[in-house]
Amino acid sequence: SAPQVQRCHRTGDASGWQALSMASPEPITIDPSDFDAVGVLSEVVVSIRAHVMGTDTDAAATIDAPAGWHRVVVTAKPGGSSVLVVRYGELSLSRLRNVAEALQRRGWQLDEDGEGATLRQPPGTPTTDIAFEVLAVLGVAGAPTTPRAVTAVDADGTPVGLHL
């Protein structure tokens, strides 16, 4: 049977993406401490961009986080832009402050709900630029650089295959 992972769908409100359970293709693993991580993340961005071009529907890749840390979501849009989102989730108050401060120093916009931060990338932003930013953000405020699962879905909830 297929592994159970989370899928996301667009909620239409300030919270953005909502996680739902579903069966989907095997997630890939990214090891932020591995030199090849930039290439792997670049291919993730290429995969979701290709899906968007073929469906004209937003697609999002979610990079899971160790317990007590922040996850990162990379969303590709039909207009060619990309949006990077960090949701704080279950961060302790001190960790939340440290992560939020680190993201703000990197130019991220703190979300109005206080539950995350967003960085918008214009159309044409190279995939390696996005990959380097994601890798930097995965480790902000002392977050562990342990391997993480990556899954992707589109705004309709359809799993997106991540090709490496």
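The structure we're discussing is the one just above.
This text gives an overview of the structure that appears in the document.

## Focus: the overall build of the protein
- Per the secondary structure count, the protein includes 3 helices and 9 strands.
- Secondary structure elements of the protein occur, N-terminal to C-terminal, as β-β-β-α-β-β-β-α-β-β-α-β.
- Relative to its full complement of 164 residues, the protein shows a buried share of 45%.
- Pairs at least 24 apart in sequence give 59% of the contacts found in the protein among residues at least 6 apart.
- For the protein, the accessible area works out to roughly 8,100 Å², and carbon and sulfur atoms hold 50% of it.

## Notes on the sheet that holds strand β8 (residues 116-121)
- Pairing is antiparallel in the open sheet, where 7 strands are placed in the order β3-β9-β4-β5-β6-β8-β7. In this open sheet, the two strands that pair with only one neighbour each are β3 (28-30) and β7 (109-110).
- Looking at chain direction, β3 and strand β9 (residues 148-154) are connected through 3 bridges and run antiparallel. Bridged to T29 within β9 is A149.

## Section: the pattern of salt bridges
- A full pass over the atoms with the stated rule returns 5 salt bridges.
- A salt bridge links D113 to R87; the nearest nitrogen and oxygen atoms lie 3.0 Å apart. Placement of D113 in the loop between β7 and β8 and of R87 in strand β6 (residues 82-87) is noted, with a sequence separation of 26 residues between them.
- Between E133 and R106 there is a salt bridge whose closest N-O contact spans 2.8 Å. Of this pair, E133 sits in helix α3 (residues 127-138) while R106 sits in the loop between α2 (93-105) and β7, and the two are 27 residues apart along the sequence.
- Note on R106: relative accessible area 38%, which makes it partly exposed.
- One salt-bridge network, in which partners are shared between bridges, spans R87, D111 and D113.

## As for the pairing of β6
- Of all 6 residues that make up β6, 6 are buried, and the element is covered over most of its length.
- The alternating pattern of β6 places S82, L84 and V86 on one face and V83, V85 and R87 on the opposite face, and all of these are buried.
- With 6 bridges connecting them, strand β5 (residues 71-76) and β6 associate as antiparallel partners. In the sheet register, V73 faces β6, and the bridge partner there is V85.
- Connecting β5 to the next strand, β6, in antiparallel fashion are 5 residues, including G80 with a positive phi near 100 degrees.
- Pairing between β6 and β8: 6 bridges, direction antiparallel. Each bridged residue has a counterpart across the sheet, and for S82 the counterpart in β8 is Q121.

Rules of the game
- Residues numbered from 1 in each chain as written.
- Predicted model: local features only at pLDDT ≥ 70, side-chain atom pairs only at ≥ 80, totals over all residues.
- Heavy atoms only, no water.
- Helix = DSSP H or I, 4+ residues; strand = E, 2+ residues; numbered from the N terminus.
- Buried < 20%, exposed > 50% of the residue type's maximum accessible area, 1.4 Å probe, protein only.
- Contact = heavy atoms within 4.5 Å.
- Areas by Shrake-Rupley, 256 points an atom, 1.4 Å probe, with all protein chains shown as cover.
- Pairing = 2+ DSSP bridges.
- Salt bridge = Lys/Arg side-chain N within 4 Å of Asp/Glu carboxyl O.

Shape descriptors only; they carry no functional weight alone.
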